[in-house]
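Here is how the chains run, residue by residue.
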Amino acid sequence: MNLPNQLSPDDEGQDVLDRLMRQIQTRVQTLPPNSYTTKLVQGGVEKMGAKITEEAAEVVDAARTSSPPDNQHLIYEACDVLYHLWVLLGSRGISVDDLRQELKRREGTSGLEEKAQRGS
Ligand SMILES: N=c1c2ncn([C@@H]3O[C@H](COP(=O)(O)OP(=O)(O)OP(=O)(O)O)[C@@H](O)[C@H]3O)c2ncn1[C@@H]1O[C@H](COP(=O)(O)O)[C@@H](O)[C@H]1O
């Protein structure tokens, strides 16, 4: 049986990354039995974390074995990582806006500059 995937009016104006997170958070709250997300969430941090690690390694492999302009395999694996990362974050009630805020806070600060400041 397919689970309902139709967009609610709340979701229509949203980016696909926000919509995916909202759907995951609904799965976290309702835990429908025929959902892969439910299976991951029920496995806890260990299961969700192991999938992120596994999928991240597949991204690196794809980067090694594919080259531009054919990045389709790399894009596919990157989306697997994003989905699994979203499940872990969604299980903690973290929204895509929370990520946006943190990224905005970092905007304009060089990674090298930030690293140098850590030492002081
Ligand atoms: N974006 C995704 C998504 N990306 C990847 N995957 C699944 O992630 C799994 C990763 O691949 P693997 O080969 O590692 O899977 P596996 O070996 O069966 O996994 P394990 O048994 O090791 O856990 C596959 O089953 C993919 O289908 C996803 N599953 C769901 N979504 C989204 O999440 C929504 C809700 O999904 P359900 O909760 O399953 O209804 C869907 O409508 C989609 O939008």
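Residues numbered from 1 in each chain as written. Predicted model: local features only at pLDDT ≥ 70, side-chain atom pairs only at ≥ 80, totals over all residues. Heavy atoms only, no water.

Chemist: Is there a simple way to explain the overall build of the chain in this structure?
Modeler: Per the secondary structure count, the chain includes six helices and zero strands. Ordered by position in the sequence, the α and β elements of the chain form the string α-α-α-α-α-α. Taken across its 120 residues, the chain has 24% of its residues classed as buried. (Helix = DSSP H or I, 4+ residues; strand = E, 2+ residues; numbered from the N terminus. Buried < 20%, exposed > 50% of the residue type's maximum accessible area, 1.4 Å probe, protein only.)

Chemist: Honestly, the nonpolar core in this entry has me stumped. Any pointers?
Modeler: Note that soluble globular proteins tend to have their nonpolar side chains buried in a common cluster. Membership of the largest hydrophobic core is limited to 12 residues, which are Met21, Ile24, Leu40, Val41, Met48, Ile52, Tyr83, Trp86, Val87, Leu88, Leu89 and Val96. Sort the elements by how many residues they give to this core and helix H4 (residues 72-91) lands first, with five residues. In contact with Val87, other than residues within four places in its own chain, are Ile24, Thr37, Leu40, Val41 and Met48. (Core = buried A, V, L, I, M, F, W, Y, C linked by side-chain atoms within 4.5 Å. Contact = heavy atoms within 4.5 Å.)

Chemist: Looking at this model, I keep getting lost on the confidence of the model for the chain. Mind explaining?
Modeler: Do not read the predicted coordinates in detail wherever pLDDT is low. Per-residue pLDDT for the chain has a mean of 90; in total, 88% of the residues score no lower than 70. Taken element by element, the predicted model of the chain shows its lowest mean pLDDT in helix H6 (residues 111-119) (85) and its highest in helix H2 (residues 36-42) (98). (pLDDT = per-residue confidence, 0-100.)

Chemist: Help me understand the site of the ligand in this model?
Modeler: Near the ligand there are 16 residues, and of these Ser35, Tyr36, Thr37, Lys47 and Lys51 occur at the shortest range. At 2.5 Å from an oxygen atom of the ligand is found a side-chain nitrogen or oxygen belonging to Ser35. At 2.5 Å from an oxygen atom of the ligand is found a side-chain nitrogen or oxygen belonging to Lys51. In isolation the ligand has 850 Å² of accessible area, and contact with the protein removes 57% of it. Those elements that provide at least two residues to the shell around the ligand are helix H1 (16-30), H2, helix H3 (44-65) and H4. At four residues, H3 tops the list of elements feeding residues into the shell around the ligand. Each residue belonging to the shell around the ligand can be placed in one class, and the counts come to four nonpolar, five polar and seven charged. (Near = heavy atom within 4 Å. Polar contact = N/O pair within 3.5 Å; in protein donor to acceptor, adjacent residues only side chain to side chain. Areas by Shrake-Rupley, 256 points an atom, 1.4 Å probe, with all protein chains shown as cover. Nonpolar A, V, L, I, M, F, W, Y, C, P; charged D, E, K, R; others polar.)

Chemist: Any chance you could explain the pattern of salt bridges here in plain terms?
Modeler: One pass over the structure, following the stated rule, counts eight salt bridges. Note that Arg100 and Asp18 form a salt bridge whose closest N and O atoms lie 2.9 Å from each other. With Arg100 in helix H5 (residues 96-106) and Asp18 in helix H1, this residue pair connects regions lying 82 residues apart in the sequence. Under the relative-accessibility criterion, Arg100 is labelled partly exposed at 32%. The partner of Arg100 in a salt bridge is Asp97, and the shortest N-O contact between them spans 2.8 Å. Taken together, the residues Arg100 and Asp97, both in helix H5 and three residues apart, mark about one turn of the helix. What emerges from the salt-bridge pattern is a single network uniting Asp18, Asp97 and Arg100. (Salt bridge = Lys/Arg side-chain N within 4 Å of Asp/Glu carboxyl O.)

Chemist: Just to check I follow, could you spell out a nonpolar patch on the surface for this structure?
Modeler: On the surface, Val16, Leu17 and Leu82 cluster together into a nonpolar patch covering about 220 Å² of accessible area. Among the residues examined, Leu17 registers a relative accessible area of 33% and is labelled partly exposed. (Patch = residues over 30% accessible without salt bridge, like charges linked within 9 Å, V, L, I, M, F, W, Y side chains within 5 Å.)

Chemist: Could you clarify how one ought to interpret the packing of aromatic side chains in this entry?
Modeler: Each aromatic ring pair is characterised by the separation of its centres together with the angle its planes make. If you walk through the whole model with that rule in mind, you get one aromatic pair. Here the aromatic rings of Tyr36 and Tyr83 are separated by 6.1 Å at their centres, their planes lie at 25 degrees, and the arrangement is stacked. Placement of the pair is Tyr36 in helix H2 and Tyr83 in helix H4, with a sequence separation of 47 residues. Given a relative accessible area of 16%, Tyr83 falls into the buried group. (Phe/Tyr/Trp six-rings, centres within 6.5 Å; stacked < 30°, edge-to-face > 60°.)

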